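This is what each chain is made of:
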Amino acid sequence: MRFFYDIGIRIYWLLAWIISPWNRKAGLWIKGRRKCLEGLQLAFAPEDRVIWFHCASLGEFEQGRPVIEATRSRFPGHKILLSFFSPSGYEKRKSYAGADYVMYLPLDTRRNAIRMLSALQLEMVLFIKYEFWYHFLKQLKSRGVPVFLISGNFRREQIFFKWYGGWYRSFLEFITHIFVQKENSEQLLAQIGISRVSVAGDTRFDRVKKVSETEYRNKALEEFARGSDVIVAGSTWEKDEEILEQAFRAMPEQTRWIIAPHELSEAHLGQMKKHFPESLFFTEIGEKIPSGTRVIIVDTIGHLSYLYRYGTLAYIGGGFGKGIHNILEAATYGQPIIFGPVYRNFIEAVELVSLGGAYPVEDSDDLLSTIHQQLQDRDLLKTSSETAAKYVTERLGATSKIVEDLCKKTDVNMF
């Protein structure tokens, strides 16, 4: 099985290399790995004690970020290495100040694993949520480096739980301890003999709560939102924007909109301006937003999680495609949340729908009806808002639990 794994890894690299001249993401993926190991050797001195965090992409980074920052505080004498598999994570967080060095994860080959680990004095390694790389895990195990998976989320359809998944189950044996989000993950792992598991919860709740409590002031936006109902639409895709445009045209002029599209290309932002007249880009905001402006189009990265605080309702994009984006960033502010029909793989969305804090919609008519229902029934709006906020506050604490357990399960000296 390892033979086929190694062949598959190399075929993946070859395909990425072939399409890289035409595919920007593939090009970044290939280019970013060319000299990543050389850069690593320059980033750390031989005597540096290093804690390594690895994330697949941006979403996993946000999940692990509270633990990275708590670890930095708890182990001040250590350096932090942060790696990504995907360009969508690395390119957006390559300047993250919470790490001493940010890099692409080298291709998972035995040679790369040996080269990378030989260049570091690793004290422990934390993989976020989904990442399982055979050669890195095996080499870490052979070197006696503690390896932890945090915010793990396991499903029965994963290969670990199939009759033919025995070799892949060996990956889990290399991990010192697994922190999972839910009890059902712990139960699934127990069925295949993995017992070094504990339920810690979801660190994203800690992250969004911290952001909501962070001071953020924009006087022009405060004035824009004052006395009006504001709908904040985050991480929207083209289909989301189509139904939002229809709702926008049907809503009263006094309703305000803040829309943060997922795609920030110049061409797409230009189309957004056409579809949403009386709009202003976020980067164009001065001391005062011109009267008559109904829509703020967020043409930057990194502000959305703060902008939800100006909203009355939140719409989360992605639900007409592969799946919705982060709904907790809005829920922490106590806003009813609306999204498209593709949400059932996201447990927080399923739970919030059942509790009455979130509302899936099928089309523009459904969206408009849901918005009207919330804004016209203020008691319902209040109840939905309180439900969303309570959902977050009742699930805080995963970060502190994980970090405390890390201290108990390792011999790492804090200083």
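So, here's what we can say about the structure. All figures in this text were calculated on a predicted structure; none of them were measured in a lab.

**Quick word on the pattern of salt bridges**
If you walk through the whole model with that rule in mind, you get 25 salt bridges. Note that R249 is salt-bridged to E245, the shortest N-O span being 3.1 Å. Note that R249 and E245 are positioned in helix α12 (residues 238–250) at a spacing of four residues, about one turn of the helix. Using a relative accessible area of 16% as the deciding quantity, one classes E245 as buried. Overlapping salt bridges bring together E62, R65, E69, R93, R207 and K210 as one network.

**Section: the packing of helix α1 (residues 2–19) against helix α2 (residues 24–32)**
Two elements in contact, α1 and α2, have axes whose closest approach is 8 Å; the angle formed by their N-to-C orientations is 120°. With respect to α2, the element α1 is oriented oblique. When you trace α1 past α2, the crossing you get is left-handed. Contact residues: α1 offers Y12, W13, A16, W17 and I19, while α2 offers A26, W29 and I30. Considering only residue class, the contact of α1 with α2 consists of eight nonpolar, no polar and no charged.

**Comments concerning the state of the cysteines**
Using the criterion set out here, one finds zero disulfides in the structure. Free cysteine C55: the closest other cysteine sulfur is in C36, separated by 16 Å. Assessed through its relative accessible area of 0%, C55 is described here as buried. Not engaged in a disulfide, the cysteine C407 finds its nearest cysteine sulfur in C55; these two sulfurs lie 19 Å apart.

**Some details on the sheet that holds strand β11 (residues 295–297)**
Paired through backbone hydrogen bonds, the strands of a sheet run either parallel or antiparallel to each other. Taken in spatial order, the seven strands of this open sheet run β10-β11-β9-β8-β12-β13-β14, and their pairing is parallel. This sheet does not close on itself; its edge strands, each paired only once, are β10 (279–281) and β14 (358–360). Pairwise comparison of adjacent strand axes, ignoring direction, gives a mean angle of 20° for this sheet. Of the pairings in the sheet, the one linking strand β12 (residues 313–316) to strand β13 (residues 337–339) comprises three bridges and is parallel in character. Note that in β13 the partner of Y315 across the bridge is I338.

**So, the nonpolar core**
Looking at soluble globular proteins, one finds that nonpolar side chains tend to be buried together. Formed by 48 residues in total, the largest nonpolar core has its most connected members in W52, L81, F154 and I178. Excluding anything up to four places from it in sequence, I178 contacts L149, F154, L172, L189, I194, R196, V197 and S198. If you look at the next biggest cluster of nonpolar residues, it comprises 40 residues, including Y306, Y310, L352 and A388.

**Considering unusual backbone geometry**
We note that K129 has phi near 70°; this positive angle belongs to a residue other than glycine. Its location among the elements puts K129 in the loop between β4 (121–128) and α7 (134–142). Not every positive phi belongs to a glycine, and S235 is a case in point at roughly 55°. Structurally, S235 is set in strand β8 (residues 230–236).

**Regarding a nonpolar patch on the surface**
Together, M1, F3, F4, I7, I11, W13, L14, L15, W17, I18, I19 and W22 line one region of the surface with nonpolar side chains, adding up to about 1300 Å² of accessible area. Along the chain, I11 turns up in helix α1.

**As for the sheet that holds strand β2 (residues 79–84)**
Spatially, seven strands are ordered β3-β2-β1-β4-β5-β6-β7 in an open sheet, and the strand pairing comes out parallel. Of all the strands in the sheet, the pair left with one neighbour each is β3 (101–104) and β7 (197–199). For this sheet, the mean inter-axis angle between neighbouring strands, taken without regard to orientation, is 20°.

**A word on the packing of aromatic side chains**
Applying the stated rule across the entire model yields 33 aromatic pairs. Ring centres of Y5 and Y134 lie 6.2 Å apart, and the angle between their planes is 70°; on these two criteria the pair is classed as edge-to-face. Linking Y5 in helix α1 with Y134 in helix α7, this pair joins segments that are 129 residues apart in sequence. Of the residues examined, Y134 reaches a relative accessible area of 7% and is grouped as buried. Ring centres of W29 and F85 lie 5.8 Å apart, and the angle between their planes is 70°; this geometry places the pair in the edge-to-face category. On the criterion of sequence distance, the pair formed by W29 in helix α2 and F85 in the loop between β2 and α5 (87–93) is long-range, its members being 56 residues apart. The class of W29 is buried, set by a relative accessible area of 5%.

What counts as what
- The numbers attached to residues start from 1 for each chain and follow its sequence in the written order.
- In keeping with the predicted nature of the model, local features appear solely for residues at pLDDT of at least 70, side-chain atom pairs appear and are counted solely at 80 or more, and the whole-chain, interface and lining totals rest on all residues.
- To obtain the side-chain values, all non-hydrogen atoms of the structure were used and water was disregarded.
- The term salt bridge refers to a pairing of a side-chain nitrogen on Lys or Arg with a carboxyl oxygen on Asp or Glu at a separation within 4 Å.
- In this description a helix means any DSSP run of H or I spanning at least four residues, a strand means any run of E spanning at least two, and both kinds are numbered starting from the N terminus.
- Buried residues are those whose accessible area, probed at 1.4 Å on protein chains only, stays under 20% of the maximum for their type, while exposed residues exceed 50% and partly exposed ones sit between those limits.
- Axis definition: a line fit to C-alpha positions, over the contact stretch in the case of helices; interaxial angles, taken between N-to-C directions, run 0 to 180 degrees.
- An angle below 35 degrees is read as roughly parallel, one above 145 as roughly antiparallel, one from 65 to 115 as roughly perpendicular, and any other as oblique.
- The sense of a crossing depends on the near helix, which, turned anticlockwise from the far helix by less than a right angle, makes the crossing left-handed and, turned clockwise, makes it right-handed.
- Contacts: residue pairs with any heavy atoms within 4.5 Å of one another.
- Residues were grouped as follows: Ala, Val, Leu, Ile, Met, Phe, Trp, Tyr, Cys and Pro as nonpolar; Asp, Glu, Lys and Arg as charged; and all remaining residues, including Gly, as polar.
- In this description, the term disulfide denotes a pair of cysteine sulfurs within 2.5 Å.
- One requirement defines pairing of two strands: DSSP has to find at least two bridges between them.
- As used in this record, nonpolar core signifies buried Ala, Val, Leu, Ile, Met, Phe, Trp, Tyr and Cys residues forming a set joined through side-chain atoms within 4.5 Å.
- Nonpolar side chains (Val, Leu, Ile, Met, Phe, Trp, Tyr) within 5 Å and like charges within 9 Å form the patches, drawn only from residues with over 30% relative accessible area and no salt bridge.
- Per-residue accessibility takes into account occlusion by the displayed protein chains alone, with areas from the Shrake-Rupley method and a 1.4 Å probe.
- Only centres within 6.5 Å qualify two rings of Phe, Tyr or Trp (six-membered ring in Trp) as a pair; their planes then separate them into stacked at under 30 degrees, edge-to-face at over 60, and tilted for everything else.

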